[in-house]
Amino acid sequence: MSETDIDPTTPRKNPQPEVPRIQGRALKPSTLMMGHGYDPTLSEGSLKSPIFLTSTFAFENAAAGKRHFEGITGKRPGGAEGLVYSRFNAPNQEILEDRLAIWDGAEDALSFSSGMTAICVLMLAYANQNDVIVHSGPLYAASEGFIAKVLSKFGVTYVDFPAGATREEIDGVLAKAKDQAAERGGKVCMVYVESPGNPTNALVDIEAVRDSRDAAFGGEGDVPIAIDNTFLGPLWQRPLDHGADIVVYSLTKYVGGHSDLVAGSIAGAKKWMDPVRALRNTMGGICDPNTAWMLCRSLETVELRMQRAGENAAKVCDYLSQHAKVEGLGYLGMIEDERQKDIYARHCLGAGSTFSLLLKGGEAECFRFLDSLRIAKLAVSLGGTETLASHPASMTHLSVAEGRRAELGISDNLVRISIGIEDPDDLIADFEQALESV
Ligand SMILES: Cc1ncc(COP(=O)(O)O)c(C=O)c1O
């Protein structure tokens, strides 16, 4: 089933954006990406939105200025009614946020200058001194580092659980977190998961996390479940449908999709977005107008690009899985573990195009493989039009302690590959010659 098979008006726990209809038919995200949230008549008929390079916006009169500030500062509920100042809101960013919300079926979305800015502002908005964050592992190293090394400076602690944990195991971790919070005079402030986890592709059972959270706190209370959906979103996994409250993206990856920008976002119900918007208003970190414009352009082709990359990855993995020098693949299209298979069947709409390749050998074999690639580029990041390959243990996850790396399955013989939209047989030829050199 593809993303476009989902009727965005299906009733869900999360309040839905108003989706335009024609002949009673709710328009699909791929259609809405061409114009949703932009009115050409407000910009001299320009078919595409101009890039609004301005730091501030002229008020129609002083009373309007007062009203807008009441909305911005929270004195009046409902947020800003108009454009005020580009640290708070601006046209390109608002168009982008409207379109991002569509993909995840979210009521509201916020854009940021990077995925990490989105994650840091989100956590800072919810964590108070002595609070406890519960998180899955592995996380992207910088996310894990922000919790363990930065939030800890402000008295915030964490309890983690492995991706793939069962309902009972998550219940146990939440009970431990509640005890830890009570001892410290704080509260459990957020459950933060990354699924699939970077770089192993281990999946988290979002439904089990939701059930556990609801049981532990008598419903969602004030403990949101946030999920980093960078590896599969927005096409192959819709976490808000499975019990998550906030979906997080590095837009640098599949959404931007051309390895030419850095940005991030979060989306969810307005009530979960409001505290984050308020902190973004104070700290800054909103996406810049040029990047927001580029992202709107990228969103027009995100479905096409992801579909092609997903098809390519299936062909490449088929080839790699049979190669004598390959020990294994962490590809969601070839899961062997029964529990992971079950989570995949319930949560995922496609296997994605980013996976880990385990070579027979260790770092030396991986380095020889990486140095021999001629089409795939040796670079960190993922989700671009071009195929990228990297060695997480010595690159993205170098800062993770060795013991923790072993625990998370980030071994020395693991290469992370993100398949792009090149010709799949050319890619297979490239991997073939690189494996010959190992
Ligand atoms: C899963 C995941 N989340 C978050 C990030 C951070 O995103 P950014 O580089 O846009 O700050 C990354 C970056 O690689 C990532 O892979």
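Cut-off values and rules
- Residues numbered from 1 in each chain as written.
- Predicted model: local features only at pLDDT ≥ 70, side-chain atom pairs only at ≥ 80, totals over all residues.
- Heavy atoms only, no water.
- Core = buried A, V, L, I, M, F, W, Y, C linked by side-chain atoms within 4.5 Å.
- Buried < 20%, exposed > 50% of the residue type's maximum accessible area, 1.4 Å probe, protein only.
- Helix = DSSP H or I, 4+ residues; strand = E, 2+ residues; numbered from the N terminus.
- Pairing = 2+ DSSP bridges.
- Axes fitted to C-alpha atoms, helices over the stretch in contact; angles between N-to-C directions.
- Contact = heavy atoms within 4.5 Å.
- Phe/Tyr/Trp six-rings, centres within 6.5 Å; stacked < 30°, edge-to-face > 60°.
- Salt bridge = Lys/Arg side-chain N within 4 Å of Asp/Glu carboxyl O.
- Polar contact = N/O pair within 3.5 Å; in protein donor to acceptor, adjacent residues only side chain to side chain.
- Near = heavy atom within 4 Å.
- Areas by Shrake-Rupley, 256 points an atom, 1.4 Å probe, with all protein chains shown as cover.

Visitor: Any details on the nonpolar core? Residues and values, ideally.
Guide: Core analysis: the largest hydrophobic core is formed by 90 residues, its most contacted members being Phe-369 and Phe-431. Of the residues forming this core, the biggest block, seven residues, is contributed by helix 10 (residues 302-321). Core analysis: the second largest hydrophobic core is formed by 27 residues, Leu-122, Met-123, Ile-246 and Trp-272 among them.

Visitor: Account for the environment of Gly-105, naming residues and giving values.
Guide: If you trace the backbone, Gly-105 turns up in the loop between helix 3 (91-104) and strand 3 (108-112). Gly-105 gets classed as buried once you look at its relative accessible area, which sits at 1%. For the pair Gly-105 and Ile-95, spaced 10 residues apart in sequence, the C-alpha to C-alpha distance is 16 Å.

Visitor: Account for the sheet that holds strand 5 (residues 157-162), naming residues and giving values.
Guide: The seven strands are arranged 3-9-8-7-6-4-5 in an open sheet whose pairing can be described as mixed. Whereas interior strands pair on both sides, the edge strands pair on one side only; in this sheet they are strand 3 and strand 5. Between one strand axis and the next, the sheet turns through 20° on average, direction left out of account. Note: strand 8 (residues 246-250) against strand 9 (residues 264-268), five bridges, orientation antiparallel. Note that in strand 9 the partner of Val-248 across the bridge is Ile-266. Contacts between helix 8 (residues 270-283) and the sheet are confined to strand 3, strand 8 and strand 9, with strand 3 contributing the most and set at about 30° to the helix.

Visitor: Which residues make up the packing of aromatic side chains, and what are the values?
Guide: Within this structure, the stated rule accounts for seven aromatic pairs. Taking 5.6 Å as the distance between ring centres and 80° as the angle between the ring planes, the aromatic pair formed by Trp-236 and Tyr-254 counts as edge-to-face. Pair noted here: Trp-236 is in the loop between strand 7 (225-228) and strand 8 and Tyr-254 is in the loop between strand 8 and strand 9, with a separation of 18 residues, a long-range link. Residue Tyr-254 is classed as buried on the basis of its relative accessible area of 2%. Ring geometry for Phe-369 versus Phe-431: centroids 6.1 Å apart, planes at 15°, classification stacked. Here Phe-369, found in helix 12 (residues 363-372), pairs with Phe-431, found in helix 14 (residues 424-436); they are 62 residues apart in sequence, far enough to count as distant. Phe-431 shares its class with Phe-369; the two are buried. Connected via pairs of aromatic rings, a cluster forms that spans Phe-59, Phe-69, Tyr-85 and Phe-88.

Visitor: Could you give an account of the pattern of salt bridges, naming the residues involved and the relevant values?
Guide: Taken as a whole, this structure holds 21 salt bridges when the rule is applied. In this structure, the salt-bridge partner of Asp-131 is Lys-187, at a minimum N-O distance of 2.8 Å. Linking Asp-131 in the loop between helix 4 (115-126) and strand 4 (132-137) with Lys-187 in the loop between helix 6 (167-184) and strand 6 (188-194), this pair joins segments that are 56 residues apart in sequence. Residue Asp-131 is classed as buried on the basis of its relative accessible area of 2%.

Visitor: Give me the lowdown on the environment of Asp-160, citing residues and values where you can.
Guide: Mapped onto the elements, Asp-160 comes out in strand 5. Between the C-alpha atoms of Asp-160 and Ala-215, which are 55 residues apart in sequence, the distance is 18 Å. Dropping the residues within four chain positions of it, Asp-160 is found in contact with His-135, Val-173 and Arg-404. Only 3.1 Å separates the side chain of Asp-160 from the side chain of Arg-404, close enough to count as a polar contact.

Visitor: Describe the site of the ligand, with residues and values.
Guide: The environment of the ligand is formed by 14 residues, the closest being Met-116, Asp-228, Ser-250, Thr-252 and Lys-253. Measuring from an oxygen atom of the ligand, one finds a backbone N or O atom of Met-116 at 2.8 Å. The separation between an oxygen atom of the ligand and a polar side-chain atom of Ser-250 is 2.8 Å. Compared with its free state, where it exposes 390 Å², the ligand has 91% of that area covered by protein. Ranked by residues supplied to the shell around the ligand, first place goes to helix 4 with three residues.

Read these as spatial facts, not as claims about activity.
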